[in-house]
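Below are the chains, spelled out letter by letter.
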Amino acid sequence: SIEELHATVHGYVQGVGFRYFVIQKALSLGLRGYARNESNGDVEVLAQGARPALERLVALLRRGPASAEVDEVQISWRTPTEHLSSFHVRW
């Protein structure tokens, strides 16, 4: 069954390739969704897929790319509402 993960990543996560890191990892895990920079400096991630792959993505979000400094990742689990076809940057 498909589940949906919503994550907000706090820390030094903009301007360091974080969204592209997320997209690369999410695509390799077979997930759909998006990553988006928030105006307050956070990165928002929405991902849909199988729970084990989503759990793996959470672990990767907590680490981030080498140039990022992740302070905290807030996550919530949801029932998917919109159908997303791929994983991309949302503006």
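Because the structure is predicted, anything quoted here is derived from the model rather than measured. Position labels on residues start from 1 in each chain and follow its written sequence. Selection of residues for local features in this predicted model requires a pLDDT of at least 70, selection of side-chain atom pairs for listing and counting requires 80 or more, and totals for whole chains, interfaces and linings are taken over all residues. Working from all heavy atoms in the structure, the side-chain values ignore hydrogens and water.

1. What about the side chain of histidine 10?
Rules: Numbering of helices and strands runs from the N terminus; a helix is a DSSP stretch of H or I covering at least four residues, while a strand is a stretch of E covering at least two. Note on classification: 1.4 Å probe, protein chains only; a residue is buried when its accessible area is under 20% of the maximum for its type, exposed when over 50%, partly exposed between these limits. We call two residues in contact when some of their heavy atoms are within 4.5 Å.
If you trace the backbone, histidine 10 turns up in strand β1 (residues 3–12). Overall, histidine 10 belongs to the buried group, its relative accessible area being 19%. When neighbours within four sequence positions are excluded, histidine 10 is seen to be in contact with Asp42, Glu69, Val70, Asp71, Glu72 and Gln74.

2. Structural notes on the sheet that holds strand β4 (residues 69–78)
Basically, it comes down to this: In this analysis, strands are considered paired if DSSP registers two or more bridges between them. Angular values range over 0 to 180 degrees, each being the angle between N-to-C directions of two axes fitted as lines to C-alpha atoms, with helices fitted over their stretch in contact.
If you trace the 5 strands from one edge of the open sheet to the other, you get β4-β1-β3-β2-β5, paired in mixed fashion. Here the strands that pair on one side only, and so sit at the sheet edges, are β4 and β5 (87–89). Looking at each pair of strands side by side, their axes are set apart by 15° on average, direction ignored.

3. Describing the nonpolar core
It is characteristic of soluble globular proteins that their nonpolar side chains tend to be buried jointly. For clarity, the threshold we go by: We call a set of buried residues a nonpolar core when its members are Ala, Val, Leu, Ile, Met, Phe, Trp, Tyr or Cys and they connect through side-chain atoms within 4.5 Å of each other.
Phe18, Val45, Leu61 and Phe87 are the most contacted members of the largest nonpolar core, which totals 26 residues. Sorting the residues of this core by element identifies β1, α1 (18–28), β3 (43–49), α2 (51–63), β4 and β5 as the ones contributing at least two each. Here this core takes 6 residues from α2, the largest share from any one element. With sequence-adjacent residues up to four places away left out, valine 45 is seen in contact with Leu5, His6, Ala7, Val22, Tyr34, Ala35, Leu57, Leu61 and Phe87.

4. What to know about the pairing of strand β2 (residues 32–37)
On any regular strand, side chains alternate: one points to one face of the sheet, the next to the other face. Pairing analysis gives 6 bridges linking β2 to β3, with the strands arranged antiparallel. Paired with asparagine 37 across the bridge in β3 is valine 43. Between β2 and β3, which follow one another and run antiparallel, lie 5 residues, and glycine 41 among them has a positive phi close to 100°.

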